[in-house]
Amino acid sequence: MITVEPHPAPVPHGPLAPTTRVRSARAEDAAALAELSRPFVRSGALRERPVPLYAAHAADFLVTEAPGGDLEGCVGLRVHPAGPGECREPAGVLYNFCVAGPSQGRGVGAVLLRAALAAARARSLGGLFTATTGTGALFLRHGFTPCDARLAPRSWAHSLDPRRGARVLARTL
């Protein structure tokens with residue numbers, strides 16, 4: 001069981017375009033997901049993933065789509081069942097969370113995070129984990145708190161690269 005204190009989520013920083021919509025990603029979005037992620041890979045905030053990997057895991061992703069069809073943001077949600085010997089419920093891991101530069105500060109990230117939280121609840125997950133090399137401010141505003149990686153799903157926690165200095169955050173659902 002994850003034990004963290006929830007915090008209320010504030011209103012987004014700026015106005016969100018009313019025509020922005022959230023949807024599940026499709027395999028044909030793979031190149032756009034890779035392109036959207038590229039600036040964050042270059043900055044070191046995200047790990048590089050090849051287009052075929054995005055295609056293979058497209059079902060993990062929620063995306064926000066601008067009126068013209070361009071992707072504004074994405075977040076992956078991978079479900080991890082409780083492993084042998086683990087006394088916990090299935091948990092989710094949020095990964096590859098990014099918002100395109102022109103869409104930042106408009107609430108797109110908050111919309112994506114709320115959609116991911118709803119998807120995790122719909123799957124009856126006990127909690128969510130993520131790792132961030134940044135401040136994690138959006139996650140913290142939405143009830144995530146720093147936690148020890150040993151509380152996270154083992155396979156995911158073991159995949160974290162300690163050289164990146166990422167903080168693990170968790171939230172109960």
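Keep in mind the model is a prediction, meaning the values are calculated, not measured.

K.L.:
Quick question: what am I supposed to make of the packing of aromatic side chains here?
P.N.:
Remark: the centre distance and the inter-plane angle together describe each pair of aromatic rings, the angle taken between the planes. Enumeration according to the criterion identifies four aromatic pairs in this entry. Here the aromatic rings of tyrosine 54 and phenylalanine 61 are separated by 5.8 Å at their centres, their planes lie at 50°, and the arrangement is tilted. Measuring from centroid to centroid gives 5.3 Å for phenylalanine 61 and tyrosine 95, while their planes differ by 70°, and the two rings are edge-to-face. With phenylalanine 61 in strand β2 (residues 61-65) and tyrosine 95 in strand β4 (residues 91-99), the pair connects residues that are 34 residues apart, well separated along the chain. Judged by its relative accessible area of 2%, phenylalanine 61 falls in the buried class. Ring-pair connections join several aromatic residues into one group, and the members of that group are Tyr54, Phe61 and Tyr95.

K.L.:
Would you explain the pattern of salt bridges in this entry?
P.N.:
If the charged atoms of two oppositely charged side chains come close together, the side chains can form a pair. By the definition in use, this model includes nine salt bridges. A salt bridge links glutamate 65 to arginine 21, with the nearest nitrogen and oxygen atoms 2.8 Å apart. Placement of glutamate 65 in strand β2 and of arginine 21 in strand β1 (residues 21-24) is noted, with a sequence separation of 44 residues between them. Judged by its relative accessible area of 11%, glutamate 65 is buried.

K.L.:
What's the story with the sheet that holds strand β6 (residues 145-146) in this structure? I'm lost.
P.N.:
Whenever strands of a sheet pair, they do so through backbone hydrogen bonds, lying parallel or antiparallel. With mixed pairing, seven strands are arranged side by side in an open sheet as β1-β2-β3-β4-β5-β7-β6. Among the strands making up the open sheet, the edge pair consists of β1 and β6. By the bridge criterion, three bridges tie β4 to strand β5 (residues 127-132) in an arrangement that is parallel. Looking at the pairing, valine 93 lines up with phenylalanine 129 of β5. Relative to the sheet, helix α1 (residues 30-43) contacts β2, β3 (71-80) and β4, its axis offset from that of β3 by approximately 95°. Across the sheet, helix α3 (residues 108-122) lies against β1, β2, β3, β4, β5 and β7 (167-172), angled at about 160° from β4, the strand it touches most.

K.L.:
Could you clarify how one ought to interpret the nonpolar core in this entry?
P.N.:
Where a protein is soluble and globular, its nonpolar side chains tend to be buried together. Leu94, Phe97, Leu113, Leu128 and Phe144 are the most contacted members of the largest nonpolar core, which totals 19 residues. Put simply, the parts of the chain that give this core at least two residues each are β3, β4, α3 and α4 (137-141). A per-element tally of this core places α3 first, with seven residues. Setting aside its immediate chain neighbours within four residues, phenylalanine 97 contacts Leu46, Cys74, Val75, Gly109, Leu112, Leu113, Leu138 and Phe139. Membership of the second largest hydrophobic core comes to 15 residues, among which are Ala25, Ala34, Leu36 and Cys98.

K.L.:
Is there a simple way to explain α1 in this structure?
P.N.:
Since one α-helical turn is 3.6 residues long, residues separated by three or four positions face the same way. Its 14 residues give α1 an end-to-end C-alpha distance of 20 Å, which sits within 8% of 20 Å, the value for a rise of 1.5 Å per residue. Listing the buried residues of α1 in full gives Ala30, Leu33, Ala34, Leu36, Ser37 and Phe40. Phi turns positive, to about 90°, at glycine 44, one or two residues after α1.

K.L.:
Help me understand the environment of leucine 128, please; the structure alone is not making it clear to me.
P.N.:
Residue position: leucine 128 is located in strand β5. On the accessibility criterion, leucine 128 (0% relative accessible area) is buried. Here the alpha-carbon distance between leucine 128 and glycine 92, two residues 36 residues apart in the chain, equals 4.7 Å.

K.L.:
Sorry if this is basic, but what is going on with the state of the cysteines here?
P.N.:
The tally for this structure, following the rule as stated, stands at zero disulfides. We note that cysteine 74 lacks a disulfide partner, and the nearest cysteine sulfur, in cysteine 98, lies 3.5 Å from it. What makes cysteine 74 buried here is its relative accessible area of 0%.

Basis of the calculations
- Residues numbered from 1 in each chain as written.
- Predicted model: local features only at pLDDT ≥ 70, side-chain atom pairs only at ≥ 80, totals over all residues.
- Heavy atoms only, no water.
- Phe/Tyr/Trp six-rings, centres within 6.5 Å; stacked < 30°, edge-to-face > 60°.
- Helix = DSSP H or I, 4+ residues; strand = E, 2+ residues; numbered from the N terminus.
- Buried < 20%, exposed > 50% of the residue type's maximum accessible area, 1.4 Å probe, protein only.
- Salt bridge = Lys/Arg side-chain N within 4 Å of Asp/Glu carboxyl O.
- Pairing = 2+ DSSP bridges.
- Contact = heavy atoms within 4.5 Å.
- Axes fitted to C-alpha atoms, helices over the stretch in contact; angles between N-to-C directions.
- Core = buried A, V, L, I, M, F, W, Y, C linked by side-chain atoms within 4.5 Å.
- Expected span 1.5 Å × (residues − 1).
- Disulfide = S-S within 2.5 Å.

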